[in-house]
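# Overview (structure and organization)
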Amino acid sequence: MTKNREIKFTGVFFMLGMLLSGSVLAQEQKISLLEERTPNGEREAIAYYQVSDDELTTGIGFRVHFSSEKVNVLEVESYLELSNVGIDIMADTQDLDQDPHTDFYINAAWVDLNGEWPAATTMPVKLFSFTFDALTVPASELFTISQSSTPVGFDFVSAITNN
């Protein structure tokens, strides 16, 4: 009878360990790209940031990939300057999204070594926007998002929404 109790007791601790492990209870950092129209009719994509439980972190880095044959990015405008280390359009020479159809990406990153990013902001946070010319297909068919850096203990999630 003692062995059965030990096995049950061990099983309970195993299940408790699984529930408390980072893989089950990992926090999420989510980047959402929302397509809208500007007042003058241009297509615009806005990048928003959301984190589980509105927790402050050390930042995030991600890329918005696109094909220069289908998309012409006209202008990128940053909204959250706090801890921003850069927003640049770069050639995807290393195929970072593993998609042979994309050849450029917008690289964006924010870093706060004190783990207080994005301080004094309500979620979701508007990070940046960009205007673009493209074929008349939804943004979800023109762009993909990949992570370049996330804090330990956080999973990266992305979504593209057409308006």
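What comes next is a walk through the structure. Everything numeric in this text was worked out from a predicted model, so none of it was measured.

Across the sheet, 4 strands lie side by side as β5-β6-β3-β8; this open sheet has antiparallel pairing. If you trace the sheet from one side to the other, it starts and ends with β5 (84-91) and β8 (143-149), each paired once. Ignoring strand direction, the axes of neighbouring strands in this sheet form an average angle of 15°.

Looking now at the nonpolar core. Inside soluble globular proteins, nonpolar side chains tend to come together where they are buried. The biggest cluster of nonpolar side chains holds 30 residues, and the ones touching the most others in it are F62, W110, L127, F128, F130 and F143. Put simply, the parts of the chain that give this core at least two residues each are β1 (27-37), β2 (43-51), β3 (59-66), β4 (71-78), β6 (104-111), β7 (125-134), β8 and β9 (154-161). The dominant element in this core, judged by the number of residues it contributes, is β7, at 5 residues.

In total, this model carries 11 aromatic pairs according to the counting rule given. On the basis of an interplanar angle of 55° and a centroid distance of 4.7 Å, the ring pair of Y49 and W117 is categorised as tilted. With a gap of 68 residues between them, Y49 in strand β2 and W117 in the loop between β6 and β7 connect regions that are remote in the sequence. On the basis of relative accessibility, which here comes to 0%, the residue W117 falls in the buried class. Taking 5.1 Å as the distance between ring centres and 85° as the angle between the ring planes, the aromatic pair formed by F132 and F143 counts as edge-to-face. Linking F132 in strand β7 with F143 in strand β8, this pair joins segments that are 11 residues apart in sequence.

With that settled, the discussion passes to a nonpolar patch on the surface. On the surface, a nonpolar cluster with roughly 330 Å² of combined accessible area is contributed by V85, V111 and L113. Relative to the helices and strands, V85 resides in strand β5. Under the relative-accessibility criterion, V85 is labelled exposed at 57%.

A word on a negative patch on the surface. Negative charge collects at one region of the surface, where E42, E75, E77 and D133 lie side by side. Tracing the backbone through its elements, the reader meets E75 in strand β4.

This part is about the environment of R63. Residue placement: R63 occurs in strand β3. The class for R63 is buried, based on a relative accessible area of 11%. Along the chain, R63 and I106 lie 43 residues apart, while their C-alpha atoms are 5.4 Å from each other. Setting aside residues up to four positions removed in sequence, R63 forms contacts with L96, Y105, I106, N107, T144, I145, S146, Q147 and S148. A distance of 2.8 Å separates a polar side-chain atom of R63 from the backbone oxygen of Q147.

We now examine the sheet that holds β1. Spatially, β4-β7-β2-β1-β9 is the arrangement adopted by the 5 strands of the open sheet, whose pairing is mixed. Single-partner strands in this sheet number two, and they are β4 and β9. Strand-to-strand twist in this sheet, taken as the mean axis angle between neighbours without regard to direction, amounts to 20°. Note: β4 against β7, 7 bridges, orientation antiparallel. The residue of β7 that forms the bridge with E77 is S129.

Rules used throughout
Residues numbered from 1 in each chain as written. Predicted model: local features only at pLDDT ≥ 70, side-chain atom pairs only at ≥ 80, totals over all residues. Heavy atoms only, no water. Pairing = 2+ DSSP bridges. Helix = DSSP H or I, 4+ residues; strand = E, 2+ residues; numbered from the N terminus. Axes fitted to C-alpha atoms, helices over the stretch in contact; angles between N-to-C directions. Core = buried A, V, L, I, M, F, W, Y, C linked by side-chain atoms within 4.5 Å. Buried < 20%, exposed > 50% of the residue type's maximum accessible area, 1.4 Å probe, protein only. Phe/Tyr/Trp six-rings, centres within 6.5 Å; stacked < 30°, edge-to-face > 60°. Patch = residues over 30% accessible without salt bridge, like charges linked within 9 Å, V, L, I, M, F, W, Y side chains within 5 Å. Areas by Shrake-Rupley, 256 points an atom, 1.4 Å probe, with all protein chains shown as cover. Salt bridge = Lys/Arg side-chain N within 4 Å of Asp/Glu carboxyl O. Lys, Arg positive; Asp, Glu negative; His and termini not counted. Charge placed at Lys NZ, Arg CZ, Asp CG, Glu CD. Contact = heavy atoms within 4.5 Å. Polar contact = N/O pair within 3.5 Å; in protein donor to acceptor, adjacent residues only side chain to side chain.

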